[in-house]
Amino acid sequence: MLKAITTITTLTITLLYFLLLSLTYPYVCWFKYRPTNNDNNNHYIPSTDTTINKRLLKLCTKKYSLDLMPMPSKIIMPDQATTIYIPSIIAIKTKHSLPFPTLKSSKNASFTLFIDYEFNLENNFYPDLGIDESYELNITSKYNASLYAKTYIGIIRGLSTFQQLQYQKKVPVPLLIYDKPHFIWRGLMIDVARHFIPISIIKRTLVYMKLVKLNVLHLHLSDDQGFRLESKRFPRLHDPKQFYSQDDIQDLIEYARQRAIRIVPEFDIPAHTTAWFVGYPHLSSSQKSSYELEKTWGVHNATMDVTRQSTYDFLDKFFFEMIQLFPDKYFHIGGDECEPHEWMQSEHIQKFVRQHRLHHHHDLQAYFTRRIEKLLKKYNRIMMGWDEISTSNLSRTSVIQSWRSKASLIDAARRGYRAILSYGFYLDHMASAKYHYKNDFQINTILNEIEQKRILGGEACLWTEYIDGNMAHSRIWPRTAAIAERLWSSLYDQSECMYDRLAKMDKKFFHSNNEQYMKDLSRLVTNPISLKLLADICEPLGLQGRNRNRNYTSETLLNRFVDILKPESEQTRQLRKITNISLLYSIFTSWKLNKLSIDSNDTDILQLSENLVQLSDIGINLLKLLDKDQPRKIISARWYYYQFYMLKRLEYEVSEIRLAGVRVVRDLLEEFDPCAFDLFNLSLILFFPLLIIFVQRVNFIRRRLLLPCLLFCFHSCARY
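Residues numbered from 1 in each chain as written. Predicted model: local features only at pLDDT ≥ 70, side-chain atom pairs only at ≥ 80, totals over all residues. Heavy atoms only, no water.

**Some remarks on the overall build of the protein chain**
Check the secondary structure of the protein chain and you find 28 helices and 21 strands. When burial is assessed residue by residue, the protein chain has 55% of its 720 residues classed as buried. In the protein chain, of all internal contacts separated by at least 6 residues, the share reaching a separation of at least 24 is 76%. As displayed, the protein chain offers around 33,400 Å² of accessible surface, 54% of which is attributable to carbon and sulfur atoms. (Helix = DSSP H or I, 4+ residues; strand = E, 2+ residues; numbered from the N terminus. Buried < 20%, exposed > 50% of the residue type's maximum accessible area, 1.4 Å probe, protein only. Contact = heavy atoms within 4.5 Å. Areas by Shrake-Rupley, 256 points an atom, 1.4 Å probe, with all protein chains shown as cover.)

**Here's the deal with the environment of His348**
With respect to the helices and strands, His348 occurs in helix H10 (residues 347-355). In this structure the C-alpha to C-alpha distance between His348 and Ser285, which are 63 residues apart in sequence, comes to 9.6 Å. Setting aside its immediate chain neighbours within four residues, His348 contacts Asp305, Thr307 and Arg308.

**A few points about the state of the cysteines**
Considering all chains together, one arrives at one disulfide under this definition. Here Cys60 is linked by a disulfide to Cys497, with a sulfur-sulfur distance of 1.9 Å. In this structure the cystine formed by Cys60 and Cys497 twists about its S-S bond by roughly 100°; its chirality is therefore right-handed. In this pair, Cys60 sits in the loop between helix H2 (29-32) and strand E1 (74-76) while Cys497 sits in helix H17 (residues 495-510), placing the two residues 437 residues apart along the sequence. For Cys60, a relative accessible area of 21% translates into the label partly exposed. (Disulfide = S-S within 2.5 Å.)

**Description of helix H4 (residues 152-165)**
Along an α-helix, residues three or four positions apart point the same way, because every turn accommodates 3.6 residues. In a regular helix each residue adds 1.5 Å, so 14 residues correspond to 20 Å; H4 covers 20 Å between its end C-alpha atoms and thus fits that length. The buried fraction of H4 amounts to 13 of the 14 residues, a majority that puts the element mostly inside the structure. (Expected span 1.5 Å × (residues − 1).)

**Topic: the packing of helix H24 (residues 603-626) against helix H26 (residues 662-669)**
For the pair H24 and H26, interaxial distance at closest approach is 10 Å and the crossing angle is 25°. Classified by the angle their axes make, H24 and H26 are roughly parallel. At the point where H24 passes H26, the crossing takes the left-handed sense. Facing H24, whose interface residues are Leu615, Ile618, Gly619, Leu622, Leu623 and Leu626, H26 presents Val662, Val665, Leu668 and Leu669. Of the residues in the contact of H24 with H26, the class split is nine nonpolar, one polar and no charged. (Axes fitted to C-alpha atoms, helices over the stretch in contact; angles between N-to-C directions. Parallel < 35°, antiparallel > 145°, perpendicular 65-115°, else oblique. Left-handed = near helix turned anticlockwise from the far one by under 90°. Nonpolar A, V, L, I, M, F, W, Y, C, P; charged D, E, K, R; others polar.)

**What about the nonpolar core?**
Membership of the largest hydrophobic core comes to 109 residues, with the highest contact counts inside it found for Tyr244, Trp276, Phe319 and Ile372. Counting contributing residues per domain, this core is built from domain 2 (185-340 + 366-509) and domain 3 (518-671), each supplying no fewer than three. With near-sequence residues (within four places) excluded, Trp276 lies in contact with Ser222, Phe227, Leu237, Phe267, Asp268, Ile269, Leu283, Met304, Phe314, Leu315 and Phe318. Counting residues in each nonpolar core, the second largest holds 49 residues, with Tyr517, Cys538, Leu584 and Leu608 among its members. (Core = buried A, V, L, I, M, F, W, Y, C linked by side-chain atoms within 4.5 Å. Domains from an automatic or database assignment.)

**Some details on the side chain of Asp191**
Note that Asp191 resides in strand E9 (residues 185-191). Within the local environment of Asp191, its side chain forms a polar contact with the backbone nitrogen of Ala193, the two atoms lying 2.9 Å apart. Sequence-distant contacts of Asp191, defined by excluding residues within four places in its chain, comprise Ile197, His220, Leu462, Trp463 and Thr464. (Polar contact = N/O pair within 3.5 Å; in protein donor to acceptor, adjacent residues only side chain to side chain.)

**Some points on unusual backbone geometry**
That bond from Met69 to Pro70 is cis: its omega, 0°, falls within 30 degrees of zero. For Pro70, the position within the fold is in the loop between H2 and E1. Residue Pro270 is reached from Ile269 by a cis peptide bond, and omega for that bond is 5°. The phi torsion at Ala260 lies on the positive side, around 60°, for a residue other than glycine. Along the polypeptide, Ala260 turns up in the loop between helix H6 (246-257) and strand E12 (262-267).

**Overview of the packing of aromatic side chains**
Considering all chains together, one arrives at 34 aromatic pairs under this definition. Ring centres 4.9 Å apart and planes at 15° place the aromatic pair Trp477 and Phe510 in the stacked group. Of this pair, Trp477 sits in the loop between helix H15 (469-476) and helix H16 (479-488) while Phe510 sits in helix H17, and the two are 33 residues apart along the sequence. With respect to burial, Trp477 and Phe510 carry one shared label: buried. Directly above the ring of Tyr312 sits Arg371, whose terminal nitrogen or CZ lies 3.8 Å from the centroid. (Phe/Tyr/Trp six-rings, centres within 6.5 Å; stacked < 30°, edge-to-face > 60°. Lys NZ or Arg CZ within 6 Å of the ring centre and 35° of its normal.)

This is how it looks when you write it as structure tokens:
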């Protein structure tokens, strides 16, 4: 009898539950706020005056009147200044002629720049580390300006600022700029070993380094895939096909010197040394009779035999030859990623380790590094290396280049070494300019004043596993200008303001006509304009996104669509600022129709074009919903999160490429509030029968918990 009553009670409760659920059904989110596809997008006509109040819209709210990079330390100008335009050709008046390139000038020009200085050209003409780079620039009237500095480098830095002012439409007058660098080491490292970079490209890079006040060019000249500098003492070292002659390097050093830029050479030892062993196999730990250049990327086992005196004799002669070429006091020895495999396999090396009571392969590398430091010190050179060498108990004049983390930078400073930061400045990772710009040096609370002074600055790094000479310029600029500002200026600008200035610099200097960009696109299709629309809203993935998908080698041609793309889509950033629905609709429509104009057999291009069509459909559908007169934009959670899934798929479906235009549509989707009540009801439908079966077996739960919980759920549902 009791079982019958329990069964009847359970059935009654279940029937009442579904009755109440059917009554509340029209009010649940997935029914009430589910978008329908009854209306065809082709018949949708957006309102011309409707705008979207974007919640996540970021605009520059602290705009500077001058679009300079890097930002000067101090700018003084009146609140209501008159504005002038500085002509591209000016008259330059100095005490003596300047032995370095200046600006375009003519004696008959209407605008005159007076240059005054205190320096002695004979004594201070090489840009030694720490030399005074400050300057004072004063625009006094429509026709006159003055530039003053204590050193010739200060004059060059001031001329770079003046050159940028020449491209300003309006320059306030009077204008006074006091400027000096925050860090004394502001560099760019270019890996010319993995892929050879022609001298012409490096010289072009030096011109723009001068413009943004970078002062060190660090050349990574040797690795497993190539040795790029001619050695007359050891002629079998360098690659006979692609290398820099000693005349090339001397010419490059002079070119850089005239722009107040130092050149620091790097020859990576004791690892990354396969290229050394191709011509001189006796230097290796394995004692193989022959070697070939590595064609694949990654860390290889080839290491120098650091136990033989003959290795140090060879390096001593090599260093002596190289310091005749490079006048800079700093000499980079690499020292990174030393795999101990060959050392562990060698009997005589292991015997050496035991005799010298070395407990680990790190101790063996430290032994080698200390001996190399002594060789360089003999030639009045200061050793540099990647952060792995910081544990080698070197002299505290050595410089540590931190690449693995900021912790290694802090550790080096605490150990007493001078250090520079490269972690967070890797250009080949294809990170955004914002990411690099926010890579700050805020270590005031971690290091004391003495330790902070050991931080010399930083270097941007361009590793070239997936970058060749044709791509180098677009991979370096304009993002390196943001890094240059981070190293020169002690001030932090808003990210959007920085981007606005960076975009203008790019348009005026780095990519003024996009000639190479359009030329590369023309190789893929006959109608490059349509392909440009697609390329402008795509971005290449960085190092990790490239090497997982294809078997790249040093012989792989880098001429695909992904290799042409710019690292960061400025077009996408501009589109995200648009709030007018009608304008967004016309943009999405052009995306949708663009596929018809692309004549290509490239599978990546075709798939991206199809994804762009799908993306435009989602965008137009969202515009329709936003165009409705609703005070609060609510949408079904299931539909909302499905759209996010679709956008994520469209963004990364094509390997090695990010469809950056997805960010424009994602911003629209985030204007809606997802309503999750439908998910709650769905969970009740699924689990309620199981719950009833379980609790009817336990009398206490049925009486004390089940009935109160059911009543609470019904009351909650009724409220919705």
